[in-house]
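# Structural characterization, general
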Amino acid sequence: MTWNEKELDVEAYLARIAYEGETKPDLATLRALHRAHVTAIPFENLEIMLGRPVLLDVAALQDKMVRRLRGGYCYEQNLLFAAALERIGFSVTGLGARVRAGAPSVRPVTHMLLKVEADGEQWHCDVGFGGEGLLEPLLLHDGVDERQGEWRFSLKSEPDGVMVLRTEHPDGWFDLYSYTSTPCLPVDYTVMNHFISTHPKSPFVRRPILQKATPEVRLRLAGTELVVTAPDGELEKRAVTGGELRDVLVREFGIELSEEELPDLIRGHYPGA
């Protein structure tokens, strides 16, 4: 019971992601759960922006993402998903990845993803990468090429057992991140989380970042800029002021901050309130 599944209120979790199907440890269930989670729970780093620690125990994850209808970033989302999958009966292994996403140099291992066994195969699962992330699991084989909604993904192997998740951009394949089969445990993500949530070079300590993957468009709010990306690469960009932040959070990401939280976020990062 690596993922502390006994602490999870699985019925509340399934209601949060609006999942009403069967809960069997098979591929059909895995696909449906993955898509339901991604489309229901957005990527966000608002705890950091509000000056609060990012907690990774199952009780805290449930309170935030299930009870309070918030989102989270990779560790939060994939740890919650792992607990749910383990509760249902799947075999789940945690992995660590180096995010590429156009970076000019090699980055440290700071991203969490999952390897899940279903129907006699191993599947690459990741509900916590954000706007360019998977909608459904990918078969963990070199050369896999799959369209999910309007988006195309593939896995490519490199030397030394490295796998690379890619998504298609209008100008060709774009590397999202690379990883190996070396397992990670929850304590490993605690160390990664400390770096990502506190180090001055982490992109998540500088400005609010919210993302959401849908079958049709990709949404990203980075600081004061809201970007909607279409499959053909067409971008719709606009500035978001403090006065309209509440509406944007609710309408685009399904997040409603409390009367105490919203002013703190606006004061720190948004003009024009």
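Residues numbered from 1 in each chain as written. Predicted model: local features only at pLDDT ≥ 70, side-chain atom pairs only at ≥ 80, totals over all residues. Heavy atoms only, no water.

## Brief notes about unusual backbone geometry
With a phi angle near 60°, Leu69 is a residue other than glycine that sits in the positive phi range. Residue placement: Leu69 occurs in the loop between α4 (58–67) and α5 (74–88). Positive phi is not limited to glycine here, since Ala101 has a value of about 45°. Mapped onto the elements, Ala101 comes out in the loop between β2 (91–99) and β3 (109–118). A residue is classified by how much of its surface remains accessible, and Ala101, at 34% relative accessible area, is partly exposed. (Helix = DSSP H or I, 4+ residues; strand = E, 2+ residues; numbered from the N terminus. Buried < 20%, exposed > 50% of the residue type's maximum accessible area, 1.4 Å probe, protein only.)

## Some remarks on the sheet that holds strand β12 (residues 225–229)
Read from one edge to the other, the open sheet built from five strands follows the order β1-β10-β11-β12-β13, with strand pairing classed as antiparallel. Only two strands of the sheet have a single partner each, and these edge strands are β1 (43–44) and β13 (235–239). Summarising the sheet, β12 and β13 pair through five bridges and their orientation is antiparallel. Each bridged residue has a counterpart across the sheet, and for Leu226 the counterpart in β13 is Arg238. (Pairing = 2+ DSSP bridges.)

## With respect to the nonpolar core
Of all hydrophobic cores here, the largest spans 87 residues; its most connected members are Leu30, Tyr75 and Leu221. Element by element, the count of residues in this core is highest for α5, at ten residues. Filtering out sequence-adjacent residues up to four positions away, Leu30 remains in contact with Phe81, Leu85, Phe90, Val116, Ala118, Trp123, Cys125 and Pro137. (Core = buried A, V, L, I, M, F, W, Y, C linked by side-chain atoms within 4.5 Å. Contact = heavy atoms within 4.5 Å.)

## What about the environment of Asp171?
One can find Asp171 in the loop between β8 (162–169) and β9 (172–179). Taking the C-alpha atoms as reference points, Asp171 and Gly233, 62 residues apart in sequence, are found 9.0 Å from one another.

## Here's the deal with the sheet that holds β3
Here eight strands make up an open sheet; going across it, the order is β5-β4-β3-β2-β9-β8-β7-β6 and the pairing antiparallel. Each edge of the sheet is formed by a strand with only one pairing partner; in this case those strands are β5 (138–139) and β6 (145–148). Of the strand pairs in this sheet, β8 and β9 are connected by seven bridges, and their pairing is antiparallel. Pairing of Met163 across the sheet is with Tyr179, part of β9. Here helix α6 (residues 186–198) sits on the sheet in contact with β2 and β3, set at roughly 145° to β3. (Axes fitted to C-alpha atoms, helices over the stretch in contact; angles between N-to-C directions.)

## Points about α5
Note: α-helices contain 3.6 residues per turn, so residues at a spacing of three or four share the same orientation. For α5, built from 15 residues, the straight-helix expectation of 21 Å at 1.5 Å per residue is met to within 8% by its first-to-last C-alpha distance of 21 Å. With 14 of its 15 residues buried, α5 lies for the most part within the structure. (Expected span 1.5 Å × (residues − 1).)

## Quick look at the environment of Gly72
Tracing the chain through its elements places Gly72 in the loop between α4 and α5. Filtering out sequence-adjacent residues up to four positions away, Gly72 remains in contact with Pro42, Phe43, Glu44, Lys64, Met65 and Gln77.

## Quick word on the packing of α4 against α5
The packing of two helices is summarised by the inter-axis angle and the distance between the axes. Two elements in contact, α4 and α5, have axes whose closest approach is 10 Å; the angle formed by their N-to-C orientations is 105°. Considering their axes alone, α4 and α5 lie roughly perpendicular with respect to each other. In contact with Val58, Leu61, Gln62, Lys64, Met65 and Val66 of α4, α5 contributes Glu76, Gln77, Leu79, Leu80 and Ala83. For the contact of α4 with α5, the residue count by class is seven nonpolar, two polar and two charged. (Parallel < 35°, antiparallel > 145°, perpendicular 65-115°, else oblique. Nonpolar A, V, L, I, M, F, W, Y, C, P; charged D, E, K, R; others polar.)

## Regarding the side chain of Asn45
Assignment of secondary structure puts Asn45 in the loop between β1 and α3 (46–49). Relative accessible area serves as the criterion here: at 2%, Asn45 is assigned to the buried category. Among the polar contacts listed, one links the side chain of Asn45 to the backbone oxygen of Arg207, at a separation of 3.0 Å. If near-sequence neighbours (up to four positions away) are discounted, Asn45 is found in contact with Phe204, Arg207, Pro208 and Ile209. (Polar contact = N/O pair within 3.5 Å; in protein donor to acceptor, adjacent residues only side chain to side chain.)

## Brief notes about the pattern of salt bridges
A complete count under the given rule lists 23 salt bridges for this structure. Across the pair Glu47 and Arg70 runs a salt bridge whose closest N-O atoms are separated by 3.0 Å. Placement of Glu47 in helix α3 and of Arg70 in the loop between α4 and α5 is noted, with a sequence separation of 23 residues between them. By relative accessible area, which is 8% here, Glu47 ends up buried. Overall, Arg70 belongs to the buried group, its relative accessible area being 2%. Across the pair Asp145 and Arg152 runs a salt bridge, and its minimum N-O distance is 2.5 Å. Because the salt bridges share partners, they merge into one network encompassing Glu44, Glu47, Arg52, Arg70 and Glu261. (Salt bridge = Lys/Arg side-chain N within 4 Å of Asp/Glu carboxyl O.)

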